[in-house]
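Observations on chain architecture
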Amino acid sequence: MNTPRLARSVVKSGVLSAKNETLTRLARLQRDATQSSPSAPLQMSIADLIHAPGVHGWVKDRPLEVHGFVRSIRNHKKMSFASIGDGSTLEPMQAVLTPSQAQSLSNGTAVRLVGQWREPPATKKDKVNELYVQSADVIGATDPSKFPIQKKYHTSEFLRTIPHLRNQIPFNSTLLRLRSDTIAAITKYFAAEAFTQTHTPIITSSDCEGAGEVFNVHSSLKDRKDKTSGASFFGSPKYLTVSSQLHLEALAHSMGKVWTLSPTFRAEKSDTARHLSEFYMLEAEVNFVDDMEHIMDAVENLVRSITTSLFDSQVGKEILASRDPAEEHQNSDRAAMIKNRWKGLTADIPWPRITYSQAIKELQSSSHTFQHKAEWGLGLQAEHERYIAETVCKSPVFITHYPRSIKPFYMLPSAIDSEKQGTVECFDLIFPEACEIAGGSMREYRLLPLIESMQRHGMAPPGSPMSLEDEDLGGLSWYVDLRRWGSVPHGGFGIGFDRLLGYLAGVRNIREITTFPRWVGRCEC
């Protein structure tokens, strides 16, 4: 096994990020307070009221304005208590109202509340501050008898039928904040590493992976001369992208180190908890690199940096405190499970790196009973990946140097092939419990070997590679052209962004991580 160079600054940067989050919140609040009249209501989010350090001291006796939605309400003879959420935090704010103020409030009602932020009476056990409401305005009414999201358990299957509403559930809005904060952490990491963020096209001229699982792009416009057939808008077949890699290679050729977070599409008819037809891929490409170890180092340090940022952040604490609505009953072990995952990703021990051949030998020598037999030359099944990560390595693990016959055409053949069976310079990153999270490779940067690889994969006609014309290479002619003009060794990787978020949040089904999930047979809105 080989070990990577571990970035020692990752943990420190995570702690600094949490401190910077708090300082930024306080600076924004102080700016807003200074710019507004002391007698005018100061508009604040619920997250600011609950989580900003020392906020009670400088909003005391000042009118505050809060916008949000009623999560629940309890009416008593002399007063009412409303639980208010605004999507800024998992924890609701409790508003104290008179019965007349609460008369028109119900679950789901959008309200504007003006009042004072006070400590609870000394006799009250729960010492959480409350908003004592002076005025309450209904901004958007809701019929409580028909509102789809009631104060009860809803199955995940039901919530998927109302994706436009399910993000109002506190846990789902927490997942949205996790996505947002993770993107911010990624952007910060890549900027520190001198990567350039780019935007790659969604409509492409080729199937990057060569698997044929693509969505074709058609125009709704009809040919005026032929009323019975649709006209080709672009003049040739085009597809929704399955990966930004090929275009990133072109951009890396000019920029050196590039990355993108982009939607990708697969017309794969897999109805599982791990597959979607539309999902996000975090991809990066590095020029002038001839050792795959550097690419794996980049993946490991990036994931460590993302995970480290969660420990002391508000959203990280809320993920640990939350309950997955997919679970009807609270799982007391859920927070421990998630925290163990984070610790496993950030432990001061480099992630193991083993070859595909070593993995096959481990599987074949195991006494464990597998549903699918492990054979050299075949892809690893999910049960094989779980066994390697959970039993053999007991940590995230890079599996490298897969057989050339089961990998895409663009991968660089291994310089040293000890098995003499034809492998390529590639890797998959396997997480315990989650299986494959990321994949990467060195790219074939030489003109002749690239064309020969395309011929082996049936992507170019047989014959002398150098005699082929652009039309023979189809939608990949531009990609081949990159090898004609100063091509250099390069490599890159792609991380399944939604799978990574699901792993970090302890969410078992990828459909709960995506706001508007699409999969075979389902595209609700």
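Residues numbered from 1 in each chain as written. Predicted model: local features only at pLDDT ≥ 70, side-chain atom pairs only at ≥ 80, totals over all residues. Heavy atoms only, no water.

1. Topic: the overall build of the protein
Stated formally: The helix and strand labels rest on DSSP assignments: H or I over at least four residues marks a helix, E over at least two residues marks a strand, and numbering proceeds from the N terminus. To sort residues, take the accessible area from a 1.4 Å probe on protein chains only and compare it with the maximum for the residue type: under 20% means buried, over 50% means exposed, and anything in between is partly exposed. By the convention used here, residues are in contact when the closest approach between their heavy atoms is within 4.5 Å. Surface exposure here means Shrake-Rupley accessible area, sampled with a 1.4 Å probe, where a residue is shielded only by the protein chains that are shown.
Secondary structure summary: the protein contains 17 helices and 18 strands in total. Across the 525 residues that make up the protein, the buried fraction comes to 49%. In the protein, of all internal contacts separated by at least 6 residues, the share reaching a separation of at least 24 is 67%. Accessible surface, the protein: about 25600 Å² in total, of which carbon and sulfur atoms supply 53%.

2. Observations regarding the pattern of salt bridges
The condition that has to hold: Salt bridges, as used here, are contacts in which a Lys or Arg side-chain nitrogen is within 4 Å of a carboxyl oxygen on Asp or Glu.
Going through the model one piece at a time under the given rule, you end up with 19 salt bridges. The salt bridge involving Asp-137 is made with Arg-112; its shortest N-O contact spans 3.5 Å. Separated by 25 residues along the polypeptide, Asp-137 in strand 6 (residues 130-140) and Arg-112 in strand 5 (residues 110-118) bring together distant segments of the chain. Of the charged contacts, one joins Arg-353 and Glu-293 as a salt bridge, the two residues approaching to 2.5 Å between their closest N and O atoms.

3. A few points about the sheet that holds strand 14 (residues 426-431)
In plain terms, the rule: Any two strands with at least two DSSP-identified bridges between them are counted as paired. For helices, the fitted line uses only the C-alpha atoms of the stretch in contact; every axis is such a line through C-alpha atoms, and the angle between N-to-C directions lies from 0 to 180 degrees.
Taking strand neighbours across the sheet as the criterion, the eight strands line up as 7-10-11-16-15-14-13-12 in an open arrangement whose pairing is mixed. Two strands in the sheet have a free side with no partner beyond their single neighbour: strand 7 (196-197) and strand 12 (353-355). The pairing of strand 12 with strand 13 (residues 397-400) spans three bridges and is parallel. By the bridge assignment for strand 13, Arg-353 is matched with Phe-398. Most of the contacts of helix 7 (residues 245-255) go to strand 11 (residues 278-287), to which it runs at about 30 degrees, and overall it touches strand 7, strand 10 (257-265), strand 11 and strand 16 (490-496). Against the sheet, helix 16 (residues 497-505) makes contact with strand 10, strand 11, strand 14, strand 15 (435-442) and strand 16, and its axis sits at roughly 50 degrees relative to strand 16, the strand it touches most.

4. Thoughts on helix 9 (residues 314-321)
With six of eight residues buried, helix 9 is to be regarded as a mostly interior element. Those residues of helix 9 not exposed but buried are Gln-314, Val-315, Gly-316, Glu-318, Ile-319 and Leu-320.

5. Some points on helix 16
Burial analysis of helix 16 places eight of its nine residues in the buried class, which makes it a mostly covered element. Within the sequence span of helix 16, burial applies to Phe-497, Asp-498, Leu-500, Leu-501, Gly-502, Tyr-503, Leu-504 and Ala-505. Gly-506 lies just past helix 16 and shows a positive phi near 70 degrees.

6. Considerations on the environment of Arg-456
Structurally, Arg-456 can be placed in helix 13 (residues 447-456). You can call Arg-456 partly exposed: its relative accessible area is 48%. Separated by 47 residues in sequence, Arg-456 and Phe-409 place their C-alpha atoms 8.1 Å apart.

7. Section: the packing of aromatic side chains
For any pair of aromatic rings, the description consists of the separation of the ring centres together with the inter-plane angle of the planes. What counts here: Two aromatic rings, drawn from Phe, Tyr or Trp (for Trp, its six-membered ring), form a pair once their centres lie within 6.5 Å of each other, and the interplanar angle then sorts them: stacked below 30 degrees, edge-to-face above 60, tilted otherwise. Ring-over charges, as used throughout, are those where CZ of Arg or NZ of Lys falls within 6 Å of the ring centre and within 35 degrees of the ring normal.
Under the defined criterion, the tally for this structure stands at 15 aromatic pairs. Ring geometry for Phe-370 versus Tyr-387: centroids 5.3 Å apart, planes at 85 degrees, classification edge-to-face. You can see Phe-370 sitting in the loop between helix 11 (356-365) and helix 12 (382-392) and its partner Tyr-387 sitting in helix 12, a full 17 residues away along the chain. Each member of the pair, Phe-370 as well as Tyr-387, is classed as buried. Measuring from centroid to centroid gives 6.0 Å for Phe-409 and Tyr-479, while their planes differ by 80 degrees, and the two rings are edge-to-face. Linking Phe-409 in the loop between strand 13 and strand 14 with Tyr-479 in helix 15 (residues 477-481), this pair joins segments that are 70 residues apart in sequence. On the basis of relative accessibility, which here comes to 0%, the residue Tyr-479 falls in the buried class. Put simply, the rings of Trp-351, Phe-398, Phe-427, Phe-431 and Tyr-503 touch in pairs and so form one group of aromatic residues. The positively charged end of Arg-341 is found above the aromatic ring belonging to Tyr-503, 4.3 Å away from the centroid.

8. Describing the side chain of Arg-334
Going by this rule: Polar contacts, as used here, are pairs of N or O atoms within 3.5 Å; protein pairs need one atom able to donate a hydrogen and one able to accept it. Residues neighboring in sequence count only if both atoms are side-chain atoms.
Secondary-structure assignment places Arg-334 in helix 10 (residues 334-346). The class for Arg-334 is buried, based on a relative accessible area of 2%. Within polar-contact distance, the side chain of Arg-334 engages the backbone oxygen of Ser-322 at 3.1 Å.

9. Examining the nonpolar core
In plain terms, the rule: Definition used in this section: a nonpolar core is a set of buried Ala, Val, Leu, Ile, Met, Phe, Trp, Tyr and Cys residues joined via side-chain atoms within 4.5 Å.
Phe-190, Val-299, Leu-302, Phe-431, Phe-493 and Ile-495 are the most contacted members of the largest nonpolar core, which has 48 residues in total. Considering each element in turn, this core owes the most residues, eight residues, to helix 8 (residues 292-308). With residues near it in sequence (within four places) discarded, Leu-302 still touches Ile-186, Tyr-189, Phe-190, Leu-282, Phe-493 and Ile-495. Core analysis: the next-biggest nonpolar cluster, separate from the first, contains 33 residues, Tyr-387, Ile-399, Phe-409 and Val-480 among them.

10. Brief notes about the pairing of strand 10
Buried residues dominate strand 10, accounting for eight of its nine residues. Where strand 7 lies against strand 10, two bridges are found, and the strand directions are parallel. Paired with Gln-197 across the bridge in strand 10 is Trp-259. Of the pairings in the sheet, the one linking strand 10 to strand 11 comprises nine bridges and is antiparallel in character. Within strand 11, the position partnered with Ser-262 by the bridge is Met-281.

11. Quick word on the packing of helix 6 (residues 170-192) against helix 16
The cut-off we apply is this: Handedness of a crossing follows from how the near helix is turned relative to the far one, being left-handed for an anticlockwise turn of less than a right angle and right-handed for a clockwise one. Gly is put with the polar residues, along with every residue not named as nonpolar or charged; the nonpolar set is Ala, Val, Leu, Ile, Met, Phe, Trp, Tyr, Cys and Pro, and the charged set is Asp, Glu, Lys and Arg.
Between helix 6 and helix 16, whose axes approach to 11 Å, the crossing angle comes to 115 degrees. Note on packing geometry: the crossing formed by helix 6 with helix 16 is right-handed. Each of Leu-175, Leu-178, Arg-179, Thr-182, Ile-183 and Ile-186 in helix 6 lies in contact with helix 16, whose residues at this interface are Phe-497, Asp-498, Leu-501 and Ala-505. Residue classes in the contact of helix 6 with helix 16 are distributed as seven nonpolar, one polar and two charged.

12. Some details on the packing of helix 8 against helix 10
Threshold: Angles below 35 degrees are treated as roughly parallel, those above 145 as roughly antiparallel, those between 65 and 115 as roughly perpendicular, and all remaining angles as oblique.
Where helix 8 contacts helix 10, the two axes come as close as 9 Å, and the packing angle between them is 140 degrees. Judged by the inter-axis angle, helix 8 sits oblique to helix 10. Pair helix 8 / helix 10 crosses with left-handed handedness. Each of Val-303, Arg-304, Thr-307 and Thr-308 in helix 8 lies in contact with helix 10, whose residues at this interface are Trp-342, Leu-345 and Thr-346. Across the contact of helix 8 with helix 10, the residue classes tally to three nonpolar, three polar and one charged.

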